[in-house]
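Spelled out from the first residue to the last, the chains are:
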Amino acid sequence: MTSSTPDLPGPFADDEFLWLEDIYGDKQLDWVRSENKVTEDLLSETGFEDTEKRLLEVLDSTDRIPMATKRGGHYYNFWRDAEHPKGLWRRTTWENYCTDNPEWEILLDVDELSLAENMEWVWGGSAFLRPTDGGPYRRALVALSPDGGDAARYREFDVVDRAFVPGGFDIPAAKNRISWAGPDELYVGTDFGPGSMTSSSYPRTSRILRRGMELADAVPYFEVPEDHMMAVVAHDQTPGFERDLAVDIVDFYNSSTFLRRDDQWVRLDVPLDVNVDVHRQWLVLRPRTDWQLGETVHAAGSLLAADLDAFLAGSRDLLTLFTPDPATSLQSWSWTRDYLLLNLLHDVSSQISVLDPANGWTASALDACPPLHSVDAYAVDDEDEEAGNDYWLISTGFLTPSTLSRGTLGQAEGGGAAVVKESPSFFDASSCTVEQHFAVSADGTRVPYFQVGPKDLVLDGGNPTLLNGYGGFEQALTPAYSAMVGRGWLERSFTDESGIKRAGVYVLANIRGGGEYGPEWHRAALQEHRHRAYEDFAAVAQDLIDRGVSSRARLGCTGRSNGGLLVGNMLTTYPHLFGAVSCGVPLLDMRRYTKLSAGYSWIAEYGDPDDPKQWEFVKTFSPYHLLKDDADYPPTLIWTATSDDRVGPVQARKMAARMKAMGVEQVWFHEALEGGHAGASDNRQAARMHAMSYEFLWEALTDRLHRDGTA
């Protein structure tokens, strides 16, 4: 909608900033540029440029681990640094990869491509066609976004010729869902015109596109209703188990999976909220709620297995591979050739279990997980003749730089993981320590959080503390090394009025709505129970104050996307707890969120504001509607990106504009004119985004941000 929109009925009648929803309008972008200048002028009076430079040094460092994906005899990596800000797609051999300075074969230089085609391409990934004759991998679909958003163009690439295939597949930019059907066919979900996209802005059809065929002539293959989230079709290329699968994704937590049999789609008969994994002869299932099957109740968050053919024939004999307990949840799983790896969390610290299907699914622990750390294990290449049981191990902690190791399952000796690459330390952590604490939420629930700060922390409420959280979509926040946090916050210090030197304290809250304790932890804060996530976060803030770690004047919070909605609710409902708020790429107008960008797809998470009964609870966590004239709001930075086609910049714009119109002091806005939902499409933009947030918060929490808007 634009500023020329006619009078609006009902709940939109008082939305005086609806005109800002025209994302690329001249008037709207003029407003953005004007607000950007105000914020940039403010930060120019601080140490922003130095912080930005130090963060960019990390992002551009050539000492970072080049994470790689194995395809055939090569290891593929995408890399950005100072000389290649848009990045290089490259590959090497295993022998080379293991050296300190691998020799890389450059496949695609995105900077050169952008210059040649006069388009600011942003890398979006690749998908290989598996060779059927045992030869080398050669053809791939390369995804490139024109602006860093979710919409991407898919082009066929030959990694031997190191060039796009002349006359090859080329699918225009859209929120595409595309996979190989064979050497000369694709399954294409894209914008075919009116009626081909869902209300969530994703493809509702998947069609067969044969080589040389016009996109408009693609043959219909699978479709879903318009009010579902999206349709996805993929071809399983596993030798001996080739088959087509389709998924009707109803919403984030409900879907139906189909197998193609005798030219018909056959639905797997499981509840909509059961996660489905088809792997070779196995069907693996993870229910999100308790599932009663006959006389047996399978617990939410458990993992079950069945023989796929037997299940399709009517058998319901399920093996229980994992059962959660109050402290332990399943986060992910990965198949090697002969084993199944389970990545678990026990009170938000990693555990890894190895299951052996050939030996009655016996389980053993992979001894690689120190306390208060995150360790993930996954297969290197389960189809490889020699390396089929190899696994990657990625270990990290708040003060422990990431390590990449590789091991082999099933070996009596020498199967333990050996270190392949280690990230250097990018900040001085010698004076810091990591602790885990539990706050008690309003309903009595114990909520864990990690605290990273000085070993000699003075508990008198004077420490500048940054509280981060998310609490949505069953995403778990786990310990991880972040040079951005280290350089941007933990290494900072100032001397307060009493002469005490204070260093930054960083806190990560594991609130409900996330997945730290499995699907029930997430479901506890869904829709009408959303307030629990915010009560949990507020309880952590209060616990930090009660323990003397911080105080209202010294405590800031930050969050992005759904985390932006979280801190937006801290701003409007719990302003008495915080001295500053950094709110990134946020949802804020929950009355309009289903009409903006991909918002319709999140109804399962938040509720439907167009349903009057549901609006009654949705409006209780809609920050745009919770602003009050008489509230004492802390200094606030709201930041977003123009090209974000997932959440979009609209909600951030409107929130900042309304606060300013209300006369709220110390509210700033910034909108990156490129960068997508990540807020950045290259290292320079990422460094700028992080530096802006850290600099603003530090100035606000150390009494350097004055009421007149200067620093």
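The notes below deal with the structure included here. Each residue is numbered by its place in its chain's sequence as written, counting from 1. Side-chain atom pairs in this predicted model are given and counted only at pLDDT of 80 or more, local residue features only at pLDDT of at least 70, and totals for whole chains, interfaces and linings cover all residues. Water and hydrogen atoms play no part in the side-chain values, which are based on all heavy atoms of the structure.

1. Describing the pairing of strand β38 (residues 555-560)
Only protein chains enter the calculation, and the probe is 1.4 Å; a residue is then buried if its accessible area is under 20% of its type maximum, exposed if over 50%, and partly exposed in between. Only runs of H or I of at least four residues qualify as helices and only runs of E of at least two qualify as strands under DSSP, and these elements are numbered from the N terminus. Among the six residues that make up β38, five are buried, leaving the element largely enclosed by the rest of the structure. Paired strands, in this sense, are two strands between which DSSP finds at least two bridges. Sheet topology note: the strand β34 (residues 465-468)/β38 ladder contains four bridges and is parallel. Across the sheet, the residue bridging to Leu466 is Gly556, located in β38. Relative to strand β39 (residues 580-584), β38 runs parallel, the two sharing five bridges. Residue pairing for β39: Cys557 is matched across the bridge by Val581. A crossover gets the label right-handed when its path from the first strand over the helix to the second runs clockwise, viewed with the strands pointing away from the viewer. With respect to chirality, the unit in which β38 leads through helix α9 (residues 562-573) into the neighbouring parallel β39 is right-handed.

2. A short note on α9
End to end, α9 covers 16 Å across twelve residues, agreeing with the expected 16 Å (1.5 Å per residue, within 8%). When you tally the buried positions in α9, you get eleven out of twelve residues, the bulk of the element. Every buried residue of α9 is listed here: Asn562, Gly563, Gly564, Leu565, Leu566, Val567, Gly568, Asn569, Met570, Leu571 and Thr572. Here, expected helix span is obtained from the residue count minus one, scaled by 1.5 Å.

3. So, the sheet that holds strand β3 (residues 88-92)
Reading across the sheet, the four strands line up as β1-β2-β3-β4 and stay open at both edges, with antiparallel pairing between neighbours. Both outer strands of the open sheet, β1 (69-71) and β4 (105-109), are each paired with one neighbouring strand and no more. Ignoring which end each strand starts from, the neighbouring axes of this sheet average 30° apart. Taken together, the four bridges between β3 and β4 define a ladder with antiparallel strand orientation. In the strand pairing of β4, Arg91 is matched with Glu105. The contact criterion used throughout is that any non-hydrogen atoms of two residues lie within 4.5 Å. All axes are obtained by fitting lines to C-alpha atoms, using only the stretch in contact for helices, and the reported angles, taken between N-to-C directions, cover 0 to 180 degrees. Taken strand by strand, helix α4 (residues 110-117) contacts β2 (74-79) and β4, and its axis lies near 35° from that of β4.

4. Quick word on the side chain of Asn569
Looking at the element boundaries, Asn569 is found in helix α9. The residues touching Asn569, leaving out its near neighbours within four places in the chain, are Tyr534, Tyr574, Thr620, Phe621, Ser622, Pro623 and Leu626.

5. Thoughts on the sheet that holds strand β25 (residues 340-346)
Paired through their backbone hydrogen bonds, the strands of a sheet run either parallel or antiparallel. Strand order in this open sheet of four strands is β24-β25-β26-β27, and the pairing throughout is antiparallel. In this open sheet, the two edge strands, each paired with only one partner strand, are β24 (328-335) and β27 (362-365). Going from strand to strand, the sheet's axes swing by 30° on average, the running direction of each strand aside. Both strand β26 (residues 349-356) and β27 contribute to a ladder of four bridges, which runs antiparallel. Bridge pairing in β27 places Leu355 opposite Ala363.

6. As for the state of the cysteines
Any two cysteine sulfur atoms lying within 2.5 Å of each other are counted as a disulfide. Applying the stated criterion across every chain yields a total of zero disulfides. As a non-bridged cysteine, Cys557 has Cys583 as the owner of its nearest cysteine sulfur, 8.5 Å distant.

7. Brief notes about α4
For α4, the complete set of buried residues consists of Val110, Asp111, Leu113 and Ser114. Considered in projection along α4, the buried side chains sweep an arc of 165° and stay on one side of the axis. Those residues of α4 that are exposed and aimed more than 90 degrees away from the buried face are Glu112, Leu115 and Ala116. Of the surrounding elements, those touching the buried residues of α4 are β2, β4, β5 (122-128), β6 (139-145), β7 (152-158) and β8 (163-164). Directly after α4, the chain includes Asn118, whose backbone phi takes a positive value near 55°. What the arc covers is the set of directions going from the helix axis to the C-beta atoms.

8. Looking at the layout of surface pockets
In this analysis the probe radius is 1.4 Å and the grid spacing 1 Å, with only protein atoms considered; a cavity is a set of points the probe fits into but cannot get out of, a pocket is an open set with protein on both sides within 12 Å along at least five of seven lines, and lining residues have an atom within 4 Å of a point. Grid points are joined across faces, edges and corners, and a volume is the space filled by probe spheres set on the points. Each pocket or cavity is described by its volume, and for the largest pocket that value is around 370 Å³. Contributing to the lining of the largest pocket are 18 residues, with Thr62, Arg64, Asp100, Pro102 and Lys421 lying nearest its centre. For the lining of the largest pocket, the leading source of residues is strand β31 (residues 418-422), giving three residues. Looking at the lining of the largest pocket residue by residue, the class counts come to seven nonpolar, four polar and seven charged. Top contributing element to the lining of the second largest pocket by residue count: strand β36 (residues 501-503), with three residues. Polar here means any residue other than Ala, Val, Leu, Ile, Met, Phe, Trp, Tyr, Cys and Pro, which are nonpolar, and Asp, Glu, Lys and Arg, which are charged; Gly is therefore polar. For the lining of the second largest pocket, a count of residues per class yields eight nonpolar, four polar and six charged.

9. Description of the packing of helix α1 (residues 26-44) against helix α13 (residues 650-661)
The N-to-C vectors of α1 and α13 enclose an angle of 65°; their axes lie 12 Å apart at closest approach. Taken together, the axis directions place α1 and α13 in an arrangement best described as roughly perpendicular. For the crossing formed where α1 meets α13, the hand is left-handed. Contact residues: α1 offers Gln28, Leu29, Trp31, Val32 and Glu35, while α13 offers Arg653, Ala657 and Lys660. Its residues placed into classes, the contact of α1 with α13 shows four nonpolar, one polar and three charged. Working rule for angles: under 35 degrees goes down as roughly parallel, over 145 as roughly antiparallel, 65 to 115 as roughly perpendicular, anything else as oblique. The sense of a crossing depends on the near helix, which, turned anticlockwise from the far helix by less than a right angle, makes the crossing left-handed and, turned clockwise, makes it right-handed.

10. Re the pairing of β2
As paired strands, β1 and β2 are joined by three bridges and run antiparallel to one another. Along β2, the bridge assignment pairs Thr69 with Tyr76. Hairpin connection between β1 and β2: a loop of two residues separates the two successive antiparallel strands, and Gly72 in this loop has a positive phi of roughly 65°. Looking at chain direction, β2 and β3 are connected through five bridges and run antiparallel. Bridge pairing links Tyr76 to Arg91 in β3.

11. Details of the pattern of salt bridges
Between side chains of opposite charge, pairing is possible as soon as their charged atoms come close. We define a salt bridge as a side-chain nitrogen of Lys or Arg found within 4 Å of a carboxyl oxygen belonging to Asp or Glu. All told, the structure shown has 54 salt bridges when counted by the stated rule. In this structure, the salt-bridge partner of Asp632 is Arg552, at a minimum N-O distance of 3.7 Å. Here Asp632, found in the loop between α12 (623-626) and β40 (636-641), pairs with Arg552, found in the loop between α8 (531-546) and β38; they are 80 residues apart in sequence, far enough to count as distant. A salt bridge links Lys654 to Asp589, with the nearest nitrogen and oxygen atoms 2.8 Å apart. With Lys654 in helix α13 and Asp589 in the loop between β39 and α10 (603-606), this pair connects stretches of sequence that are 65 residues apart. Through salt bridges with shared partners, a single ionic network connects Arg138, Arg139, Glu156, Asp158, Asp161, Asp184 and Arg211.

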